[in-house]
Amino acid sequence: MHPFSYTHVSDTRAAIAAGRRGGRYIAGGTTLVDLMRETVERPERLVDISGLPLDEVTVTERGGLRIGALVTMAEAAAHPKVRSLYPAISQALELSASAQLRNMATIGGNIMQRTRCTYFRDVTAACNKREPGSGCAARDGFNRTHAILGTSDHCVATHPSDVAVAFAALEARVHLLGADGERRVPFAEFLLRPARSPHREQALRKGELVAAVEIPALPRPLRSGYLKVRDRQSYEFALTSAAVALHVRGGVIREAKVAAGGVGTVPWKLPAVEQHLVGERPTDALWAAAAQKAADGARPLAHNAFKVELLKRTVERQLRTVGGNQ
Amino acid sequence: MSPQPQAAVGAPLSRVDGRLKVTGQARYAAEHDVDGTVHAVIVDAAIGRGRITSIDTREALAHPGVLRVIHHENAPKLPYRENTASNNPPGRRLRVFQDDEVLFHGQPVAVVIATTLEAAQHGAGLVKVGYDAEQPSTDLHRAEPDKPTTYARGDAEAALRTADVRLDLEYRLARNHHNAMEPHATVARWDGNKLTVWDKTQWVVGTQTELSAVFGLPLDSVRVISPFVGGAFGSGLRCWPHTVVAALAAREAKRPVKLVLSRRQQYFGTGYRPSYEYRLRLGSDRRGRLRAMAHEMDAETSSYETFTETVMPAGQMLYSTPNVSQAYRTVPLDVNTPLWMRGPGFATASFVIESALDELAAKLGIDPIELRRRNEPSEDESSGLPFSTRRLRECCTVGAREFGWHRRSARPRSRREGNWLIGMGMAVGVYETQRNQAQARVRLDADGTALVQAAASDMGPGTYTSQTQVAADALGLTMRTVTFRLGDSLFPPTPPHGGSQTMASVGSAVLDGCNRVRRQAITLAVEDRESPLYGVDAADIVVRGGRLHTKDSPARGETYRRLLARNNRTHLEALGSYAGAAGPRRHSFYAYNATFAEVAVDADLGLVRVRRMLGVYDAGRIISPKLAESQAIGGIVGGIGTALLEHTVTDHRDGRIVNANLADYLVPVNADVPEVKAIYLDGEDREADPLGVKGLGEVVHVGVAPAIANAVFNATGRRIRQLPITAEALL
């Protein structure tokens, strides 16, 4: 671990000021501390924001939800409004990490967490994300768990979060606090695809702080859920996952929100699947046909070609689970 | 056993060291506080093969707290005397900091010593090493094998040609790492020319011998202490380079040094179960009776040592087979040397043989248990010797009944629950009964308590408890009044704590020592005119609860305390010994099991979930039933890992291990472990050793992976011949 300084801040203005001077924010620390121990992250200044008043879940005026950045994963998962309005979010959270980690890790930290690519986490390997311009060891290395969507020649690492997949599906917005006040960024624009600069992962300005994630109100009734496919039954990142939310009225699908995890360099929204569903009547054949579009544009690597088929099956299964056997 | 009544042996007792462990008072290697200790962190080679061209330590040495950086340019030349006595495989063992050669990715190339752990860690990152890198060879499939070790009886090729039914099957087994909870760690201290080492080891004697050889010291100048081991599964059976590094660092720094391997460093700093490519051809008649088996096994080893394990015996003795051929080839690679891991050799062979037998059963439409019955040998066909005990059929019968085997449909894919296909499978396991020379010192004090000491080790099976049980009964004392101590090279020598030989070897020495002390006391009593037992035939006297009395009239007797006090004896003492499996072999000694698995497979998503497991064991006498059950659960959990999860991945481009951490190297978590049941058949093996035990720590692991693979076949109709069985194989 490289030497670093540590300050604890108690108001957001001080936090942002410290952030603008180059400080790195830390809350639960469940990812950052690990990465610092491995010297993947070498921040010189840590700014502990865990005392900031960003730890509430509130219902928005329109009936959506605003989840403060410092709400822990455990708290968010257990929150009655989250559970009743967006089961996909609580399920995604409960299928993440371990109980101990969920008690420490925050929602803001979760969407900011860095990839589990083993080459990224091994400082002796080439990695454009960790060391721009050094190359990507994963492209031609062992890449079973890597992305098939949104990749570039420079990076094939997946975004590891589960709940971010649910946020992407539900078209959440990220509230950011900066020196100029608060702004809201659509989730799809918040996390960046690697392209030529895989080290830039979020659309954050210098010193900007994630304040909250807002889930928009969606037409009711809304059924939603999250499916995570992984080798072992707990405490592992997803091989594939799917967050699905459906609004069915009069026997017709009026709204469909679908995103996939474990397969993309960012949580992967599936508009083609959504469009195939909207206006149709739910049937098993519809789920199957829609899911066929889930891996459109996939570029598999040497060890992760199975994810193309697995992704389609994951989406189909979750469409059927949420939408029902017809 | 002794003529003594058994009170402790066979009783389901809890661990005598349980309280120490759960209250944090049991001290593991890195927890030994030695005054003035400084910290050492190893710098690992960042190439897979080649030479070190430069080492720049200036920045590291300038970091506050860093005391020294030792590497091949400034390290003293170490004697590294030949030593074949510490489980060192044939070859030329890795010599730390003795030259510029890099033999594998992660090899120690320098060590940083600092006053704090943090300074040492940071300093290690500041050492700049230049390399002349070569392309390493790490791919078992592409490398050139050594000459084979062979075995043959009959003519397997000819018999295969004429067999009614033939199978030609190729299997691949991934490398597995032990991944015990406790990291390997060493604390080393020099007092003049005397070296004391607190180490994570399964064999203090082996580590002592190796350190004396490396540093050119008399054996009695080295003391190795290891009272508690937080799991090892075989990884502590050798003295690894880091232990030498710690001792060297302590000598150079002139301070005691603590060195703890990081989790990542365990993957190349210690051994592992080697990966295999294994081809098995078998031929049978139409009734499933085996005519021939031809085994071709390729296993990885390092470029500098030839590691072998007992992968051949199971194919020679498990089933009656007139024609057998085997060729076992090690394949030298630019990797660190493997080492035994739970059920070594046998677990690998059993996956192949038991998967193939299941395949034969399916092909012939014979029940897998019935197929095994038809191939039950009447003697060990590799030696012509009778089995000391072999109750494999009984294991199968009891297991089938307990598991509800009759509910299994022979036709795959015939049971479905929602998205899940349900299947049952079984396999048998076998492991050789090992025992070796051991000694134990027994001392009975005038206060009626006893102290028993043996070098030994307890990596988790409960050596402390089970040896106390043996001693308590043989001395006629209660568990509370006997203390068993282990893990110190000053204690009488014992063999490695591996291969399931501790109970047979150390236990027999403890039994002998306790019998001697008890007999001394009895002799003292019957020859003492003031003893109520004066003149009684010694053979008629037993001891219970610390009181000697005649078998027939318990009222006639006296306590050890009275006896010793009256005779002015402070204590009675004896050195117990056991000669091991000495003399000509008259029997074939093995422990057996039948293991059953029920799995659920989500065929669409490629997920396998184990739902139930049962093991039925023929392991001879069970000294400590509660610990034996715990061992079986551990062996089965390990088997679930091997079957479905565990896989050390090497990047062949540069030889690095890609998943050297517990997030990417998957071991089972609680959610992966279903209902597990263990049944030990009552009995003993009188031929094996004085205690009648056959060893159980290994055999409980053997057969688990094939039982699961066979259940996957029964569920899905898919035969997976590769471990671990992952989603991509089942999609």
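Just so it is clear, the structure is predicted and the values come from calculations on it, not from any experiment. (Residues numbered from 1 in each chain as written. Chains lettered and ligands numbered in written order. Predicted model: local features only at pLDDT ≥ 70, side-chain atom pairs only at ≥ 80, totals over all residues. Heavy atoms only, no water.)

**With respect to the overall build of chain B**
Broken down by element type, chain B carries 17 helices and 30 strands. Taking 27 Å as the expected radius of gyration for a compact globule of 731 residues, we find that chain B reaches 27 Å, a close match to that expectation. Principal-axis analysis of the C-alpha atoms places the extent of chain B at approximately 80 × 70 × 50 Å. Taking as baseline every contact in chain B between residues at least 6 positions apart, the subset at least 24 positions apart corresponds to 81%. For chain B, the exposed surface amounts to about 26400 Å²; the carbon and sulfur share of it is 47%. In chain B, 87 positive and 82 negative side-chain charges are present, and the distance between their average locations comes to 3 Å. (Helix = DSSP H or I, 4+ residues; strand = E, 2+ residues; numbered from the N terminus. Rg over C-alpha atoms; globule rule 2.2 N^0.38 Å. Contact = heavy atoms within 4.5 Å. Areas by Shrake-Rupley, 256 points an atom, 1.4 Å probe, with all protein chains shown as cover. Lys, Arg positive; Asp, Glu negative; His and termini not counted. Charge placed at Lys NZ, Arg CZ, Asp CG, Glu CD.)

**Quick look at the overall build of chain A**
Scanning chain A from terminus to terminus reveals 12 helices and 12 strands. For chain A, whose C-alpha radius of gyration is 19 Å, the value lies close to the compact-globule estimate of 20 Å for 326 residues. Referenced to the eigenvectors of the C-alpha coordinate spread, the extents of chain A come out at roughly 60 × 50 × 35 Å. As displayed, chain A has an accessible area near 13300 Å², and 48% of this comes from carbon and sulfur atoms.

**Considering the sheet that holds strand β13 (residues 276-284) of chain B**
Residues and elements named next belong to chain B. If you trace the six strands from one edge of the open sheet to the other, you get β7-β15-β14-β13-β8-β30, paired in mixed fashion. What marks the edges here is a single partner per strand, and that holds for β7 (149-153) and β30 (722-723). As paired elements, strand β14 (residues 290-302) and strand β15 (residues 323-333) share 11 bridges and run parallel to each other. Paired with A299 across the bridge in β15 is T330. The strands that helix α9 (residues 346-364) touches are β8 (165-173), β13, β14 and β30; relative to β8, the one it contacts most, it runs at about 145 degrees. (Pairing = 2+ DSSP bridges. Axes fitted to C-alpha atoms, helices over the stretch in contact; angles between N-to-C directions.)

**Some remarks on the UniProt feature "domain: FAD-binding PCMH-type" (unreviewed entry) in chain A**
The feature "domain: FAD-binding PCMH-type" (unreviewed entry), as given by UniProt, occupies residues 1-220 of chain A in the numbering adopted here. Secondary structure within residues 1-220 of chain A divides into 26% helix and 17% strand; the distance between the first and last C-alpha atoms comes to 50 Å. (UniProt positions renumbered as here; feature names shortened; annotations may be inferred.)

**Comments concerning the packing of helix α5 (residues 204-215) of chain B against helix α6 (residues 241-253) of chain B**
Residues and elements named next belong to chain B. Direction vectors running N to C along α5 and α6 enclose 55 degrees, while the axes themselves pass 11 Å from each other. As far as their axial angle goes, α6 and α5 are oblique. In this structure, α5 crosses over α6, and the sense of that crossing is right-handed. Contacts between α5 and α6 involve T207, L211, V214 and F215 from the first element and T243, V244, A247, L248 and R251 from the second. (Parallel < 35°, antiparallel > 145°, perpendicular 65-115°, else oblique. Left-handed = near helix turned anticlockwise from the far one by under 90°.)

**Notes on the pattern of salt bridges**
When the charged atoms of two side chains with opposite charge come close together, those side chains can pair. Counted according to the given criterion, the structure contains 71 salt bridges over all chains. Residue D122(A) is joined to R656(B) by a salt bridge in which the shortest nitrogen-to-oxygen separation is 2.8 Å. Pair noted here: D122(A) is in the loop between α7 (107-112) and α8 (163-169) and R656(B) is in strand β28 (residues 656-657), and the two residues belong to different chains. The burial state of D122(A) is the same as that of R656(B); both residues are buried. We note a salt bridge from R686(B) to E684(B), for which the minimum N-O separation is 3.0 Å. The exposed category is assigned to R686(B), whose relative accessible area is 68%. Judged by relative accessible area, which is 28%, E684(B) ranks as partly exposed. Each of R24(A), E41(A), R114(A), K129(A) and E201(A) takes part in a single network of salt bridges with overlapping partners. (Salt bridge = Lys/Arg side-chain N within 4 Å of Asp/Glu carboxyl O. Buried < 20%, exposed > 50% of the residue type's maximum accessible area, 1.4 Å probe, protein only.)

**Details of the packing of α9(B) against helix α16 (residues 704-716) of chain B**
Residues and elements named next belong to chain B. Contact geometry of α9 with α16 gives a least axis separation of 8 Å together with a crossing angle of 30 degrees. The angle between the axes of α9 and α16 places the two elements in the roughly parallel class. Pair α9 / α16 crosses with right-handed handedness. Together, S350, F351, E354, S355, D358 and A362 of α9 and A705, P706, A709, N710 and F713 of α16 make up the contact between the two elements. Residue classes in the contact of α9 with α16 are distributed as six nonpolar, three polar and two charged. (Nonpolar A, V, L, I, M, F, W, Y, C, P; charged D, E, K, R; others polar.)

**Here's the deal with the UniProt feature "domain: Aldehyde oxidase/xanthine dehydrogenase a/b hammerhead" (unreviewed entry) in chain B**
Taking the numbering used here, the UniProt-annotated feature "domain: Aldehyde oxidase/xanthine dehydrogenase a/b hammerhead" (unreviewed entry) corresponds to residues 23-135 of chain B. Annotation note: span residues 23-135 of chain B, helix share 13%, strand share 31%, distance between end C-alpha atoms 50 Å.

**Considerations on the sheet that holds strand β21 (residues 541-544) of chain B**
Residue and element names in this part refer to chain B. Pairing is antiparallel in the open sheet, where three strands are placed in the order β21-β22-β23. Each edge of the open sheet is held by one strand with a lone partner, namely β21 and β23 (557-559). Direction aside, the axes of adjacent strands within the sheet are offset by 25 degrees on average.

**Examining the packing of aromatic side chains**
Residue and element names in this part refer to chain B. Summed over the entire model, instances satisfying the criterion amount to 16 aromatic pairs over all chains. Ring plane angle 65 degrees and centroid distance 6.2 Å describe the contact between F346 and Y590, whose orientation is recorded as edge-to-face. Placement of F346 in helix α9 and of Y590 in strand β25 (residues 590-602) is noted, with a sequence separation of 244 residues between them. Note on F346: relative accessible area 0%, which makes it buried. (Phe/Tyr/Trp six-rings, centres within 6.5 Å; stacked < 30°, edge-to-face > 60°.)

**Some remarks on unusual backbone geometry**
Comment: phi is negative for the bulk of residues other than glycine, and the bulk of peptide bonds are trans. A cis amide bond links R220(A) to the next residue, P221(A), at an omega of 0 degrees. In this fold, P221(A) is placed in the loop between β8 (209-215) and β9 (223-229). The residue after L723(B), namely P724(B), is reached through a cis peptide bond having omega -5 degrees. As for its placement among the helices and strands, P724(B) is situated in the loop between β30 and α17 (727-730). The phi dihedral of S500(B) falls on the positive side, at around 55 degrees, and the residue is not glycine. Note on placement: S500(B) falls in the loop between β20 (482-485) and α13 (502-526).

**Observations regarding a positive patch on the surface**
On the surface, a cluster of positive charge is made up of R20(A), R21(A), R45(A) and K206(A). Residue position: R45(A) is located in strand β3 (residues 45-48). (Patch = residues over 30% accessible without salt bridge, like charges linked within 9 Å, V, L, I, M, F, W, Y side chains within 5 Å.)

**Considerations on the side chain of E252(B)**
The residue E252(B) is located in helix α6 in this model. What E252(B) contacts, discounting residues up to four positions off in sequence, is R68(B), I70(B) and P76(B).

**Section: the pairing of strand β24 (residues 571-578) of chain B**
All names here are of chain B. Only one face of β24 is buried, namely the one carrying L572, A574, G576 and Y578, since none of H571, E573, L575 and S577 on the opposite face is buried. Sheet analysis places strand β18 (residues 438-445) next to β24, joined by eight bridges and oriented antiparallel. When the sheet's bridge partners are listed, Q439 is paired in β24 with S577.

**Description of the environment of D153(A)**
Residue and element names in this part refer to chain A. For D153, the location among the structural elements is in the loop between α7 and α8. Along the backbone, D153 and A78 are 75 residues apart, and their C-alpha atoms lie at a distance of 40 Å. Beyond its immediate chain neighbours, meaning those up to four positions away, D153 contacts C136, R139 and R299.

**A look at the interface of chain B and chain A**
Every contact between the two is made by 30 residues of chain B and, on the other side, 32 residues of chain A. For the pair chain B and chain A, the summed buried area comes to about 2800 Å², and 54% of that belongs to carbon and sulfur atoms. For the interface between chain B and chain A, the tally reads six salt bridges. Where D602(B) meets R317(A), a salt bridge forms, and the shortest distance between an N and an O atom there is 2.6 Å. For the side of chain B that touches chain A, the secondary structure elements donating two or more residues are β26 (607-618) and α17 of chain B. (Buried area = accessible area lost by both parts, 1.4 Å probe.)

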